[in-house]
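# Results of the structural survey
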Amino acid sequence: MGSSGRVAKSRAEASHRFGVLASPATYALDRGLSRKLIPIDRSRHDSSASSSEEGLLSDLLAQEDELSNILDEVSEVSMAFSSDGPQTQALSKTLQRAISCAVKQSLLGRELRSLALVDDLTGLYNRRAFLALAAQQFRVAIRKNQGLWLFFVDVDYMKEINDTYGHQEGDRALVRTADALEETFRDSDICARLGGDEFAVLALEASSQHKNAIIRRLEKKMKASNTGKVLYELSLSIGAARFDPKKPISLDQLLTQADQSMYRQKKDHSRYCAAPSCESHV
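Since the structure is predicted, the reported quantities are computational estimates derived from the model, not experimental observations.

What follows deals with the sheet that holds strand E4 (residues 236-243). Strands sit in the order E2-E3-E1-E4 across an open sheet of four strands; the sheet is antiparallel. One side of each edge strand has no neighbouring strand; the edge strands of this open sheet are strand E2 (190-195) and E4. The average undirected angle you get between the axes of adjacent strands in this sheet is 20°. Bridge analysis of E2 against strand E3 (residues 198-204) gives five bridges, and the strand direction is antiparallel. Note that in E3 the partner of Ile190 across the bridge is Leu202. Packed onto the sheet, helix H7 (residues 167-184) meets strand E1 (148-155), E2, E3 and E4 and runs at close to 5° relative to E3.

Encoded structure:
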């Protein structure tokens with residue numbers, strides 16, 4: 001179990017034992033961080049390559065480990081004070097209040113720092129974290145001579161969904177998209193909501209993971225999400241661009257290529273009407 005998993009388990013134990021309650025924002029952060037914290041390649045950092053975003057991610061990872069250790073110690077100390085003696089009970093209550101305060105402060109600090117990295121609606125990385133992690137992954141790919149795929153995803157007819165069913169339903173569409181991305185890609189891939197209805201995924205190239213197969217799997221996940229009691233059929237426009245470590249380009253250039261690929265597919269989608277408010281194809 002990774003540090004984030006240990007934190008989640010220890011945090012649940014601390015919540016039960018010391019009354020540490022999670023805020024609504026914490027749920028989204030835990031949802032994202034428990035699955036998406038990717039170690040920073042500290043050995044490759046130098047003054048010219050490091051950035052404040054990567055430093056923030058590295059610090060957050062260190063805090064995750066520290067918090068996990070603290071909560072483990074909290075459980076051990078609490079178990080030690082299981083005697084029924086009045087003095088021991090009084091000391092135990094005082095210690096529990098002190099520990100509860102310290103844990104709450106630690107969790108609050110974790111939330112505040114995590115807000116800079118995680119999209120609070122979907123639990124995916126936000127644009128800031130994506131750009132920092134992608135820049136690091138580019139350096140690793142060049143060093144290991146390993147290709148990457150960048151997928152650029154846009155939700156179709158987002159305006160029509162908001163106008164027809166309201167922005168709350170629009171938010172659900174974004175969450176459904178994020179869930180499909182998480183189910184399609186590996187935990188080691190970097191999934192992010194760049195903003196609005198735009199998502200991006202940076203994935204390591206693998207012989208068993210061809211681009212078209214990945215896109216078909218994502219489309220299958222989206223089709224599965226359209227079953228049951230849904231108000232409309234949700235669809236995505238998906239573009240992809242490959243990073244060649246032998247002919248490296250910048251992240252901005254790769255994003256532009258993937259965006260252009262996505263836009264070509266969106267134009268194809270617009271040739272017929274699949275929006276929630278449309279009654280028939282044109």
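With that settled, consider the packing of helix H6 (residues 158-165) against H7. Across the interface, H6 lies against H7 with an axial gap of 7 Å and an inter-helix angle of 140°. Relative to H7, the element H6 is oriented oblique. Seen from H6, the contacting residues are Met158, Ile161, Asn162 and Tyr165; seen from H7, they are His167, Glu169, Gly170, Ala173 and Leu174. Classifying every residue of the contact of H6 with H7 by side-chain character gives five nonpolar, three polar and one charged.

What the rule picks out here adds up to eight salt bridges. Linking Asp154 and Lys266 is a salt bridge whose minimum nitrogen-to-oxygen distance equals 2.7 Å. Of this pair, Asp154 sits in strand E1 while Lys266 sits in helix H9 (residues 251-269), and the two are 112 residues apart along the sequence. For Asp154, a relative accessible area of 7% puts it in the buried group. Look at Lys266 and you get partly exposed, because its relative accessible area is 22%. Across the salt bridge formed by Glu169 and Arg172, the nearest N and O atoms sit 2.9 Å from each other.

Here Thr122 lies in the loop between helix H4 (86-114) and helix H5 (127-144). Under the relative-accessibility criterion, Thr122 is labelled buried at 0%. Once the C-alpha coordinates of Thr122 and Arg193 are considered, the two residues, 71 residues apart in sequence, prove to be 7.7 Å apart. At 2.6 Å, the side chain of Thr122 and the side chain of Asp119 are in polar contact.

For H6, the full list of buried residues reads Met158, Ile161 and Asn162. Buried residues of H6 fall within an arc of 95° about the axis and therefore sit on the same side. Structural note: H6 exposes Lys159 and Asp163 on the side pointing more than 90 degrees away from its buried face. Close packing links the buried residues of H6 with E1 and H7. Note on H6: the residue one or two positions beyond its end, Gly166, has a positive phi of about 100°.

In this section: the pairing of E3. For E3, the buried fraction is high: five of the seven residues fall into the buried class. Alignment of E1 against E3, held across seven bridges, turns out to be antiparallel. Bridge assignment links Phe152 to a residue of E3, and that residue is Ala200. Hairpin remark: E2 followed by E3, antiparallel, with two residues in the connecting loop; positive phi at Gly196, about 55°.

Mapped onto the secondary structure, Glu169 falls in helix H7. At 3.2 Å, the side chain of Glu169 forms a polar contact with the side chain of Tyr232. Look past the residues within four positions of Glu169 in its chain and what remains in contact with it is Ile161, Leu231 and Tyr232.

With that out of the way, let us pick up the layout of surface pockets. As a volume, the largest pocket reaches approximately 180 Å³. Considering the residues around the largest pocket, the lining is formed by 10 residues, among which Glu219, Met222, Leu234, Ser235 and Leu236 are closest to the centre. Mapped by element, the contributors of at least two residues to the lining of the largest pocket are helix H8 (211-225) and E4. When its residues are assigned to classes, the lining of the largest pocket shows four nonpolar, three polar and three charged.

Our focus in this paragraph is unusual backbone geometry. For residues other than glycine, phi is negative in most cases, and the peptide bonds are mostly trans. Phi is positive for Asn145, close to 55°, though the residue is something other than glycine. Among the structural elements, Asn145 can be located in the loop between H5 and E1. For Asn145, a relative accessible area of 45% gives the class partly exposed. Residues other than glycine seldom take positive phi values, yet Tyr157 does so here, at roughly 55°. In this structure, Tyr157 sits in the loop between E1 and H6.

Here is what the cut-offs are and how they apply
Residues numbered from 1 in each chain as written. Predicted model: local features only at pLDDT ≥ 70, side-chain atom pairs only at ≥ 80, totals over all residues. Heavy atoms only, no water. Pairing = 2+ DSSP bridges. Helix = DSSP H or I, 4+ residues; strand = E, 2+ residues; numbered from the N terminus. Axes fitted to C-alpha atoms, helices over the stretch in contact; angles between N-to-C directions. Contact = heavy atoms within 4.5 Å. Parallel < 35°, antiparallel > 145°, perpendicular 65-115°, else oblique. Nonpolar A, V, L, I, M, F, W, Y, C, P; charged D, E, K, R; others polar. Salt bridge = Lys/Arg side-chain N within 4 Å of Asp/Glu carboxyl O. Buried < 20%, exposed > 50% of the residue type's maximum accessible area, 1.4 Å probe, protein only. Polar contact = N/O pair within 3.5 Å; in protein donor to acceptor, adjacent residues only side chain to side chain. Arc of directions from axis to C-beta. 1 Å grid on protein atoms, 1.4 Å probe; cavity = no way out; pocket = protein on both sides within 12 Å on 5 of 7 lines; lining within 4 Å. Points joined across faces, edges and corners; volume = space filled by probe spheres on them.

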